[in-house]
Amino acid sequence: MRFKHPLPSRLPGVRVGARVVRDIGLDAGPRLAVQAARASVARMRRAMDRAVAQSPQSLFLRELMAQPGSVGAICASSPRLATRMAEQVDPATHGLVVELGGGTGVISSALLARGVAPERLVIIEQSDALAALLRRRFPLVRVIHGDAAELAQLQIQGLLPLDAAGAPLPIDYIVSGLPLLSIPLPVRQRILQAGALMLAPQGRLVQFTYALRGPSPWQIGGLVRLRSERVIANLPPARIDVLGHAAAG
Ligand SMILES: C[S@@+](CC[C@H](N)C(=O)[O-])C[C@H]1O[C@@H](n2cnc3c(N)ncnc32)[C@H](O)[C@@H]1O
């Protein structure tokens, strides 16, 4: 460090040189500067975490940067898309409505607004941070931090809600916001198998996709497409497919 005015050659009670500098605390400068920088980085981190906690979209973006393939979208679904997805569900159903890939909860919220009972709704979300957000947003809904490909195991492990007699409830609806086309093929195949296996015989699977043309991946999983519609009011425009088992078509 260079001083504009050189240190006096003698200071009261201390020797001149490096030891003077040490005794009057001048070599603490760089150490204090590092501590101050660390503290301000920690303050900035805490501020970012607070901002992310208050803004689901910031959290969504953070998760997108951390896991682009599994989040698979630049922003959460629009309210229009979420409402149209929810409208495919009969809220009076006695079985479960299982949402795959809840994200920040746009579709979950539309399902609840549609009248689906919170205790009949199960959300499976693989991002720890997003699952925590969903639990905070929907305290009455069963939010499972897990992999959609493990749907059958989740039921075997008793993690899905049961009926009054303790028996598994049928899964009448699967509502999926999973970005199937960007999920690696082996995982995608396991998800498709699990969904087709667990959907009740008369059940319906609702999936949105940004691929406006072509078959739904769920058809490869053995389901048949019953109807489709486009939702232009979304970024990017999307297609909703409703599928079921062949025999129930
Ligand atoms: C395109 S975002 C959709 C989020 C929300 N449903 C919406 O429409 O805005 C996909 C979500 O699926 C989740 N996801 C991806 N792969 C998953 C898996 N195998 N199991 C459960 N969730 C998964 C991601 O973490 C992300 O939250």
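Below: a short report on this structure. (Residues numbered from 1 in each chain as written. Predicted model: local features only at pLDDT ≥ 70, side-chain atom pairs only at ≥ 80, totals over all residues. Heavy atoms only, no water.)

1. Considering the overall build of the protein chain
On a plain count of helices and strands, the protein chain comes out with ten helices and seven strands. With 249 residues in all, the protein chain has 41% of them scored as buried. Across the protein chain, the fraction of contacts at a sequence separation of at least 24, relative to all contacts at a separation of at least 6, is 61%. Accessible surface, the protein chain: about 13,600 Å² in total, of which carbon and sulfur atoms supply 59%. (Helix = DSSP H or I, 4+ residues; strand = E, 2+ residues; numbered from the N terminus. Buried < 20%, exposed > 50% of the residue type's maximum accessible area, 1.4 Å probe, protein only. Contact = heavy atoms within 4.5 Å. Areas by Shrake-Rupley, 256 points an atom, 1.4 Å probe, with all protein chains shown as cover.)

2. Some thoughts on helix α7 (residues 128-137)
Considered for burial, the residues of α7 that qualify are Leu-130, Ala-131, Leu-133 and Leu-134. Considered in projection along α7, the buried side chains sweep an arc of 160 degrees and stay on one side of the axis. For α7, exposure combined with an orientation more than 90 degrees from the buried face picks out Asp-128 and Arg-136. (Arc of directions from axis to C-beta.)

3. Some remarks on the pattern of salt bridges
Taken as a whole, this structure holds five salt bridges when the rule is applied. In this structure, the salt-bridge partner of Glu-229 is Arg-84, at a minimum N-O distance of 2.6 Å. Separated by 145 residues along the polypeptide, Glu-229 in strand β6 (residues 224-231) and Arg-84 in helix α5 (residues 79-86) bring together distant segments of the chain. Of the charged contacts, one joins Asp-241 and Arg-239 as a salt bridge, the two residues approaching to 2.9 Å between their closest N and O atoms. Arg-239 shares its class with Asp-241; the two are buried. (Salt bridge = Lys/Arg side-chain N within 4 Å of Asp/Glu carboxyl O.)

4. Observations concerning the environment of Gly-203
With respect to the helices, strands and loops of the structure, Gly-203 is situated in strand β5 (residues 199-209). Through-space distance from the C-alpha of Gly-203 to that of Leu-243 is 8.6 Å; in sequence the pair is 40 residues apart. Setting aside chain neighbours within four positions, we find Gly-203 in contact with Asp-172, Leu-243 and Gly-244.

5. Notes on the pairing of strand β1 (residues 96-100)
Counting buried positions along β1 gives five out of five residues, so the element sits mostly inside the fold. Where burial is concerned, the two faces of β1 agree: the one with Leu-96, Val-98 and Leu-100 and the one with Val-97 and Glu-99 are both buried. For β1 and strand β4 (residues 171-176), the ladder comprises five bridges, and the chain directions are parallel. The residue of β4 that forms the bridge with Leu-96 is Ile-171. Taken together, the four bridges between β1 and strand β2 (residues 121-125) define a ladder with parallel strand orientation. Of the residues in β2, the one forming a bridge with Leu-100 is Ile-124. Since β1 and β2 lie parallel, the crossover through helix α6 (residues 106-114) that links them has a hand, and here it is right-handed. (Pairing = 2+ DSSP bridges. Right-handed = clockwise from strand over helix to strand, strands pointing away.)

6. Comments concerning the nonpolar core
With 28 residues, the main nonpolar core has Leu-151 and Trp-218 as its most contacted residues. With five residues, helix α9 (residues 185-198) is the largest single contributor of residues to this core. Beyond its immediate sequence surroundings of up to four residues, Leu-151 is in contact with Val-98, Ile-124, Leu-160, Ile-171, Ile-174, Ala-194 and Met-198. Within the second largest apolar cluster, 24 residues are counted, among which are Ala-110, Val-116, Phe-138 and Phe-208. (Core = buried A, V, L, I, M, F, W, Y, C linked by side-chain atoms within 4.5 Å.)

7. Topic: the sheet that holds β4
Spatially, β3-β2-β1-β4-β5-β7-β6 is the arrangement adopted by the seven strands of the open sheet, whose pairing is mixed. One side of each edge strand has no neighbouring strand; the edge strands of this open sheet are β3 (142-145) and β6. When strand polarity is set aside, the average angle formed by the axes of neighbouring strands in this sheet is 15 degrees. Strand contacts of α7: β2 and β3, with the helix running at about 170 degrees to β3, the strand carrying the most contacts. (Axes fitted to C-alpha atoms, helices over the stretch in contact; angles between N-to-C directions.)

8. Structural notes on α5
Those residues of α5 that sit buried are Leu-81, Ala-82, Met-85 and Ala-86. An end-on view of α5 places all buried positions within 135 degrees of arc, on one side of the element. Residues of α5 that are buried sit in contact with α6, β4, β5, β6 and β7 (238-244).

9. Topic: the packing of helix α3 (residues 56-66) against α7
Where α3 meets α7, the axes come as close as 10 Å, and the angle between the chain directions of the two elements is 160 degrees. By the criterion of interaxial angle, the relationship of α3 to α7 is roughly antiparallel. Pair α3 / α7 crosses with left-handed handedness. Counting all contacts with α3, which are made through Pro-56, Leu-59, Arg-62 and Glu-63, the residues of α7 involved are Ala-129, Leu-130 and Leu-133. Looking at side-chain class alone, the contact of α3 with α7 contains five nonpolar, no polar and two charged residues. (Parallel < 35°, antiparallel > 145°, perpendicular 65-115°, else oblique. Left-handed = near helix turned anticlockwise from the far one by under 90°. Nonpolar A, V, L, I, M, F, W, Y, C, P; charged D, E, K, R; others polar.)

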